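# What the coordinates show
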Amino acid sequence: MPRVELSPKDIAIKKPYLDWGLTEYEYDRFRTKLGRLPNYTEIGLASGMWSEHCAYKYSKPVLKQFWTKNERVLMGPGEGAGVIDIGSGKAVVFKAESHNHPSAVEPYEGAATGVGGIIRDIFSIGAEPVALLDSLAFGELDEAHTQHLLDQIVAGIGGYGNAIGIPTIGGETNFDPTYARNPLVNAMCIGVMDKDAIQRGRAAGVGNAIIYVGAKTGRDGINGASFASAEFSDAEQADRAAVQVGDPFMEKLLTDACLEVTRDHQEALVGMQDMGAAGLISSSVEMADKADAGMTINLDLIPQRESGMIPFEIMLSESQERMLLCVAAGHEQEIIDVFQKYDLDAVVCGQVTAGHRYQLTFKNETVCDVPVSLLTSDAPVYHQKGQRPARLDQPATDFAPEITDLHDTWLRLLGQPTIASKKSIYRRYDAQVKTNTVVTPGSDAGVIRVRGTKSALAATTDSNGRYLYLDPERGGALIVAEAARNLVASGTEPIGITDCLNYGDPTKPEIFYELEESAHGITAACKALNTPVISGNVSLYNETNGIAIYPTPMIGMVGLTEDLHSITTLDFKRPGDLVYLLGRTGADFNGTELQKLLTGGIAGRLFDFDLDEEVTVQKLALNAIRRGFVTAAHDLSVGGFAAALSEMALAGQLGADLQWDVPASYAFAESAGRFLMTVPAAKQAEFEALLGSRARLLGKVTAADQLHIQMQDADVQLTMAELTQAYEEGIPCRMK
Amino acid sequence: MKAAVLSFPGSNCDQDLLWALSDIAGIPADLVPASATDLSGYDLVCVPGGFSYGDYLRSGAIANFAPVMAALKKHAANGGLVLGICNGFQILCEAGLLPGALQFNESLNFICESEPLTVVNTNTAFSGDYQPDETIHLPIAHGEGNYYADPETLAAIEAKQQVVFRYAANPNGSLNDIAGLTNAAGNVLGMMPHPERAVETLLGGRDGLAMFTALKKQMEGAAYATRRA
Amino acid sequence: MYKARIYVNYKPSVLDPKAEVIKNTLARTGQDNVQSVLYGKYFELELAAADKDAAAKQVDNICDQMLANVNMETYRFDIVEEARA
Amino acid sequence: MYKARIYVNYKPSVLDPKAEVIKNTLARTGQDNVQSVLYGKYFELELAAADKDAAAKQVDNICDQMLANVNMETYRFDIVEEARA
Ligand SMILES: Nc1ncnc2c1ncn2[C@@H]1O[C@H](COP(=O)(O)OP(=O)(O)O)[C@@H](O)[C@H]1O
Ligand SMILES: [Mg+2]
């Protein structure tokens, strides 16, 4: 049964838009601003463009507070991705995107198309995509459903990234019951380009051509938020796929062709944008909007994979691997020839027009004629009022763990999936294709060299919903600080962030409070660490049966070093090196992995966090690395000292003999602003002079096959075999 | 002396190989598209890793239908050197230039890892700069690297000492731990591990370099021989 | 003993990049008389069951839960009774 | 117009890891009455040809050269004539 397009009057009466995610108020707003009853296509376009994904109608007021500019930022949020100057005439481009919902429905393809989408954002700026990262969160790994999701999501990420040939250099994988039915799948892509070749998604210049490039448009992906299933007969439903299938082969060709266009046809190319959420409509109308222009598109010219598609479907399809270009009039064939060389469809489908109207024709009829602004800047913005959740005002009493068997607790903690080795995950990603990867997954950050320079870029993704659940603001700041700590430990200076804001339903005041407060925390830390937000993405409504996930902003951060020698990894290098702990450790146990392990959940007031002190320690740590005092460095975060020390020993296959005059439980505290570092004896004096009281000498790296740590109330020996078993088997043994 | 690096739609290690040959090993090399029909003038033809044509049917299967394959087969038949790495190995098997086939890894998962290999045959144009039975470490990155050949074929391969590299800790289920082997004539080598990813200390090791230095010597010698003749 | 022959295919609205590549390659090698390509999976299961209906019920369940991804694939099967070997 | 229905399977001597996984999973979920699993590929080609023999010859060639790797796979097909649409 073909879709029936209701008449404007019937739309007003039958209100199909309610099923597409538009409210009664929004329909009225659209109609009033338009000055007449919208037709089926027009109101359909509104449902896509006025969705949270395109209009940020709930999150805009929050995102406004982000700090987005410093002297290095060449382009901030607003385009496909942000751009930062990295010297030597080069710039780094990066962005992250969430694909939580598609991955919950269809884990392999959902994750794969998430990767495909973020890659397009990067090359649409004109940058060569050089690295990928991911950030994953799942429920408890003992559940068969979680095992299936993990296996398939990882397969999907690898399936796309490996095939297209972009190395996945890092990521994170967290486990907590809060994500059991709502996994988080965030992907980040990094690109490198000449800084004077930045491309924007603009459709300027009356008479210039709009060119559609890439895969044909099908009916896949249009029954998301805006396309209610109630409208289909069962037979149609059976034929209709809820998800798209990614085609990395096509995207590889698309990447190469688009980069060739930006490189060799600068004078012909006016603007370029990928077709992401809300497909053709969002890319085209945003390009017109950014250039303050009008546009007309002839839908008969859009390459279509299926017959009988109506304008609504063509415009809102989220078929993958498609791009939209604006090309100077007269240069159309020149550009089409480039794409044809790569066996890709490229067709002129529209023009930039004078005035500000957005017009669509279909079978010689005008099916949409609205002001550009009606679909863009006229979208509603809601100023929600947050309400502080009660749990924050009545925190449980502080968790005060008593460690009776340090040996046993240590090994059990090390084997927790959130702490344990992620090797079984990242070994399924090609980390080295393009032969730039200096540090592969397994250390604090992935590091790639920048070809043609002496520089390297480090990158990390970090999140911790537990901290934010206990304190959204402080947790938000903590997570930015942790990301920066990872980059510093790798010997690079943090230069900027991207984010994915994964939250529940923003119309609930308590959820909105979490969103707003965490943005405060993120902003404070970004300013203190000099890491502006240059791009990002919002994923709301992460709820199951009305229960939201923990507020989980994901921070993707990039660091820079102009000296390859400063790159540092976490593995112990040589017996005899001195082991130092930087920063202060307190009785900080609320929200920790230890609390989760011993009590089954998290509760209490999140521990204090001194942002200024964090900045100071990070500066000192980076300074020490740059001056060549440090042979290995590792930040302390989830799992605290115990996790970090074990990782250093395991990675270097060397032991250590240490004394630390604090209670045994402190081995698991997650106090911020700390690093473990090893220093050759010859550098001891210089190192100590630089660090002063902020570094405490604990002992030495040894050739022994074990860690020996003497603490105030415990003396523990852990053999390499025990540590390996706990750490390496933590995830695989639960996957069986 | 000149090398060609073939580039199929979907190849993604072509630039890496080009870099290893020309910038690191000092072997002049060109990127040659799959649409080319002539490979004369090249002493060595390299078939790089990646996912040619998406590897959607079977890895390497569609690449066999590219125009350049006729020229590659001719080059090989004339005794020219051919090196296939990863997807290149798969393509050479599909094209019948090497015996056997590459199946899904036993675990069914893609594996990216540094693997210890034993160089079991140093009497080839590709491996002369390694020590007999030397252990080297090369990265692997593949989902379909599980070498299979029927029993007779396998016996013939072993009898003629065509195996050049064996895995020290078989990661993918390959029969006889085969990581790389030549054709009977010895001028065509296919291997799943990536020597081109192991030519710089900065990137974690240089165990792959000896393959390229051996090839360079071989080609220099050959070029000298041709000049004399 | 029953034998189930199961066919799993993408739904028509799903782009199948695999079939596309095969079709294009055939065309490129002069075989453009091949006008459509469908690329699916084929399974054969042998199973013991009380009767054909029971076998069908179990197979249907296996298809739905495991062999096909019903978000984007459809399946069909037939079942034949086999003589015991 | 002819339609070819093509089945490609591993040779019996080749262990198919994918089929093994399915069989083991079935056994693990209590369905050990499933005694064998074969996992193959299934293609449908529609092609114009002078007659059925010509179609069969071309399809056989496509299978041998492209759709199957005869080192480890076997194929079979049947061809039916289709009414023009
Ligand atoms: N999903 C993933 N993809 C890629 N790499 C991962 C993933 N999960 C974890 N890793 C890698 O494993 C290592 C440990 O991760 P994590 O414990 O999150 O590090 P940290 O606590 O230092 O941020 C890092 O090198 C990280 O990049
Ligand atoms: Mg770290």
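I will try to describe carefully the structure that is included in this document.

Quick notes on the rules
- Residues numbered from 1 in each chain as written.
- Chains lettered and ligands numbered in written order.
- Predicted model: local features only at pLDDT ≥ 70, side-chain atom pairs only at ≥ 80, totals over all residues.
- Heavy atoms only, no water.
- Pairing = 2+ DSSP bridges.
- Helix = DSSP H or I, 4+ residues; strand = E, 2+ residues; numbered from the N terminus.
- Axes fitted to C-alpha atoms, helices over the stretch in contact; angles between N-to-C directions.
- Contact = heavy atoms within 4.5 Å.
- Near = heavy atom within 4 Å.
- Polar contact = N/O pair within 3.5 Å; in protein donor to acceptor, adjacent residues only side chain to side chain.
- Areas by Shrake-Rupley, 256 points an atom, 1.4 Å probe, with all protein chains shown as cover.
- Buried area = accessible area lost by both parts, 1.4 Å probe.
- Salt bridge = Lys/Arg side-chain N within 4 Å of Asp/Glu carboxyl O.
- Nonpolar A, V, L, I, M, F, W, Y, C, P; charged D, E, K, R; others polar.
- Buried < 20%, exposed > 50% of the residue type's maximum accessible area, 1.4 Å probe, protein only.
- Least-squares fit on C-alpha atoms with pLDDT ≥ 70 in both.
- Donors = N, O, S within 2.8 Å, 3.2 Å for Na, K, Ca; no water.
- Right-handed = clockwise from strand over helix to strand, strands pointing away.
- Phe/Tyr/Trp six-rings, centres within 6.5 Å; stacked < 30°, edge-to-face > 60°.

A word on the sheet that holds strand β2 (residues 34-47) of chain D. Judged by pairing direction, the sheet is antiparallel, and its six strands sit side by side in the order β3(C)-β1(C)-β2(C)-β2(D)-β1(D)-β3(D) without closing on themselves. Both edges of this open sheet fall to β3 (73-81) of chain C together with β3 (73-81) of chain D, since each of them pairs with a single strand only. Each strand axis lies, on average, 20° off the axis of its neighbour in the sheet, ignoring direction. The pairing of strand β1 (residues 2-10) of chain C with strand β2 (residues 34-47) of chain C spans seven bridges and is classified as antiparallel. The residue bridging C:Ala4 from the neighbouring strand is C:Leu45, located in β2(C). Most of the contacts of helix α2 (residues 52-67) of chain C go to β3(C), to which it runs at about 155°, and overall it touches β1, β2 and β3 of chain C together with β2 of chain D.

This brings us to the site of ligand 1. Residue and element names in this part refer to chain A. Taken together, 18 residues lie near ligand 1, and Asp134, Thr173, Gly442, Ser443 and Asn486 sit nearest. In the model, an oxygen atom of ligand 1 is placed 3.0 Å from a nitrogen or oxygen of the glycine 171 main chain. Within the side chain of aspartate 444, one N or O atom sits 3.3 Å away from an oxygen atom of ligand 1. Surface burial for ligand 1 is 90%, taken as the share of its 550 Å² of free accessible area covered by protein chains.

At the junction of the two partners, chain C supplies 28 residues and chain D supplies 28 residues. When the two sides are added together, the surface that chain C and chain D hide from each other amounts to roughly 2600 Å², 56% of it contributed by carbon and sulfur. One salt bridge in this structure joins D:Arg76 and C:Glu44, with 3.7 Å as the shortest N-O distance. Summed over the shared surface of chain C and chain D, the number is 15 residue pairs in polar contact (both at pLDDT 80 or more). For the side of chain C that touches chain D, the secondary-structure elements that each account for two or more residues are β1, α1 (17-28), β2 and α2 of chain C. Its residues placed into classes, the side of chain C that touches chain D shows 16 nonpolar, eight polar and four charged.

Right, let's get into the interface of chain A and chain C. Contacts between chain A and chain C engage 18 residues on the former and 12 residues on the latter. Of the roughly 1200 Å² buried at the junction of chain A and chain C (both faces included), carbon and sulfur atoms supply 57%. Our enumeration of links across chain A and chain C arrives at two residue pairs in polar contact (both at pLDDT 80 or more). Tallying contributions element by element places helix α9 (residues 234-239) of chain A first for the side of chain A that touches chain C, with three residues. A class-by-class count of the residues in the side of chain A that touches chain C yields seven nonpolar, two polar and nine charged.

With that settled, consider helix α3 (residues 40-49) of chain A. When you tally the buried positions in α3(A), you get 10 out of 10 residues, the bulk of the element. You can read the cap of α3(A) off the contacts: a side-chain oxygen lies 3.0 Å from the backbone nitrogen of A:Thr41, and it is on A:Asn39.

For the match of chain C to chain D, the screw axis carries a shift of 0.0 Å, the RMSD comes to 0.2 Å, and the turn is 180°. This pairing of chains is accounted for by a two-fold axis. Taken as a fraction of all interface residues of chain C, those also at the interface in chain D reach 100%, which identifies the copy contact as same-surface.

Moving on, we get to the environment of A:Asp256. With respect to the helices and strands, A:Asp256 occurs in helix α10 (residues 248-264). Once the C-alpha coordinates of A:Asp256 and A:Phe339 are considered, the two residues, 83 residues apart in sequence, prove to be 9.3 Å apart.

Residues and elements named next belong to chain B. Pairing in this open sheet of nine strands is mixed, and the strands run β2-β1-β3-β4-β11-β10-β9-β6-β7 from one edge to the other. Each edge of the open sheet is held by one strand with a lone partner, namely β2 (29-33) and β7 (135-142). On average, each strand axis in the sheet is inclined to that of its neighbour by 25°, with strand direction left out of account. Pairing of strand β1 (residues 3-7) with β2, which is carried by five bridges, proceeds in the parallel orientation. In the sheet register, alanine 3 faces β2, and the bridge partner there is alanine 29.

Next up on the list: the coordination of the magnesium ion (ligand 2). Residues and elements named next belong to chain A. Within the protein, Asp444 (OD), Asn486 (OD1) and Asp635 (OD) serve as the donor atoms for the magnesium ion (ligand 2), at 2.0 to 2.3 Å. On the primary sequence, the residues serving as donors to the magnesium ion (ligand 2) are separated as D-x41-N-x148-D. With asparagine 486 in helix α19 (residues 472-489) and aspartate 635 in strand β23 (residues 632-635), this residue pair connects regions lying 149 residues apart in the sequence.

Before going further, it helps to spend a moment on the pairing of β1(B). All names here are of chain B. The buried fraction of β1 is high, at five of five residues. Once the chain exits β1 it traverses helix α1 (residues 14-24) before rejoining the sheet at β2, and the crossover so formed is right-handed. Inspection of the sheet shows β1 paired to strand β3 (residues 44-47) by three bridges, in the parallel sense. Each bridged residue has a counterpart across the sheet, and for valine 5 the counterpart in β3 is cysteine 46.

Glancing now at the packing of aromatic side chains. Under the counting rule described, the total for this entry stands at 26 aromatic pairs over all chains. Pairing C:Tyr7 with D:Tyr42 gives two aromatic rings, centres 4.7 Å apart and planes at 75°, and the pair type is edge-to-face. Within this pair, whereas C:Tyr7 is found in strand β1, its partner D:Tyr42 is found in strand β2, the two belonging to separate chains. For the residue pair C:Tyr7 and D:Tyr42, the accessibility class agrees, reading buried in each case. Aromatic pair D:Tyr7 and D:Tyr42: ring centres 5.2 Å apart, planes at 55°, arrangement tilted. Of this pair, D:Tyr7 sits in strand β1 (residues 2-10) while D:Tyr42 sits in strand β2, and the two are 35 residues apart along the sequence.

Geometry only, nothing functional implied.
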